[in-house]
Amino acid sequence: MSEHSIETDGATITYDVHPARDGSIRRPPLVMVGQPMTAEGFGALAARFGERTVVTYDPRGLGRSRRHDGRMTQDPVVQAGDVLAVIGAVADGPVEVFASSGGAVTALALVERHPDAVSTLVAHEPPLVRVLPDAEQAERALLRVREAYLARGRWHGMAAFLAMTAWQGPFDERFAGQPVPDPSAFGMPGDDDGARDDELLSDRGAAVTTYLPDAPALQAAATRVVVAVGAESAGTFTGRTSEATAELLGRRATVFPSHHGGFLDPATGYGGDPDAFAARLREVLDAAA
């Protein structure tokens, strides 16, 4: 693996190139995009694609990538520009993209504006609130997470987040009437370190979750767009947003093994089944090769 940096509009983006083990170039690079997850989160998945070049990166302001624009919030359109710059640095033509969570939102924004840069996009569980039929209630559920975080710190915010993401079905009065769980219910401490800059729990990523894809642009794009959902995510927040995003594009979501972090190494504590996940991703990508 080699580490590189590139200057974009308002940021220095650091990315990694994992070359094919045999040095061959049979396929265009496979670019992996996360948000707020950085490149290291794709380590287990990248290692399972040794037959081809894989590119991972840190979004602006996260990990090794530094931002110089004076902003703290994350905008999918701005991040799409960063990914486009990385693609231009590693490939002479369109690449294949696997993007997960907020990274899937970034990748959808990229394809809307630059469909010639991506041949196939696998968008895994994009957390797009506004595609849900209960969008207003879902936004209130997210607000509850932020309020818990601002009031009592990281662990209380994370407890609220876990309760929200595990909820089955629409966010109705039953969810709204439940108290925010104590962190101890999830085996977490309850102390407050005073920080309020967490990318996941603060409002810094609000532009990601409230982004509304341009369905006509995505449908008209030459890019093959596959919306993926974890088999274990059925009925949950990101499972439902995945199904609704696919429906918005006039198709059905493609089922992948495991859950929202199904490609993660089990050693992370939230690991899935990276072997089965990689096999499914290879199958989906090969279908368009």
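Up top you'll find the structure we're talking about.
Residues numbered from 1 in each chain as written. Predicted model: local features only at pLDDT ≥ 70, side-chain atom pairs only at ≥ 80, totals over all residues. Heavy atoms only, no water.

K.L.:
Sorry if this is basic, but what is going on with the pairing of strand β4 (residues 54–57) here?
P.N.:
Consecutive side chains of a regular strand alternate in pointing toward one face of the sheet and then the other. Alternating residues of β4 divide into Val-54 and Thr-56 and Val-55 and Tyr-57, and every residue in both groups is buried. Where strand β2 (residues 11–18) lies against β4, four bridges are found, and the strand directions are antiparallel. Across the sheet, Asp-16 pairs through a bridge with Thr-56, a residue of β4. Of the strand pairs in this sheet, strand β3 (residues 30–33) and β4 are connected by three bridges, and their pairing is parallel. Note on β4: the bridge partner recorded for Met-32 is Thr-56. (Buried < 20%, exposed > 50% of the residue type's maximum accessible area, 1.4 Å probe, protein only. Helix = DSSP H or I, 4+ residues; strand = E, 2+ residues; numbered from the N terminus. Pairing = 2+ DSSP bridges.)

K.L.:
In this structure, what is going on with the pairing of β3? I would like to understand it.
P.N.:
Here β3 shows no split at all, with Leu-30 and Met-32 on one side and Val-31 and Val-33 on the other all buried. Relative to strand β6 (residues 95–100), β3 runs parallel, the two sharing four bridges. In the sheet register, Val-33 faces β6, and the bridge partner there is Ala-99.

K.L.:
I keep staring at the nonpolar core and nothing clicks. Help me out?
P.N.:
General note: in soluble globular proteins, nonpolar side chains tend to be found buried as a group. By size, the foremost hydrophobic cluster in this structure holds 60 residues, and its most contacted members are Val-97, Val-118, Leu-121, Met-164 and Phe-171. With seven residues, the top contributor of residues to this core is helix α3 (residues 102–113). Non-local contacts of Val-97, meaning those with residues more than four positions away in its chain, are made with Leu-30, Val-31, Val-33, Ala-107, Val-118, Thr-120, Leu-121 and Val-122. Formed by 19 residues, the second largest nonpolar core is a distinct cluster that contains Phe-98, Phe-263, Leu-264 and Phe-277. (Core = buried A, V, L, I, M, F, W, Y, C linked by side-chain atoms within 4.5 Å. Contact = heavy atoms within 4.5 Å.)

K.L.:
Help me out: how do you make sense of the layout of surface pockets in this one?
P.N.:
Empty space within the largest pocket amounts to approximately 1400 Å³. What lines the largest pocket is a set of 41 residues, among which Ser-101, Phe-161, Leu-200, His-260 and Tyr-270 lie closest to the centre. Those elements giving two or more residues to the lining of the largest pocket turn out to be α4 (135–152), α5 (154–166), α7 (206–209) and α9 (237–248). Among the elements that make up the lining of the largest pocket, the one with the highest residue count is α5 (six residues). For the lining of the largest pocket, the per-class residue count stands at 16 nonpolar, 19 polar and six charged. Taken as a whole, the second largest pocket spans an internal volume of roughly 190 Å³. (1 Å grid on protein atoms, 1.4 Å probe; cavity = no way out; pocket = protein on both sides within 12 Å on 5 of 7 lines; lining within 4 Å. Points joined across faces, edges and corners; volume = space filled by probe spheres on them. Nonpolar A, V, L, I, M, F, W, Y, C, P; charged D, E, K, R; others polar.)

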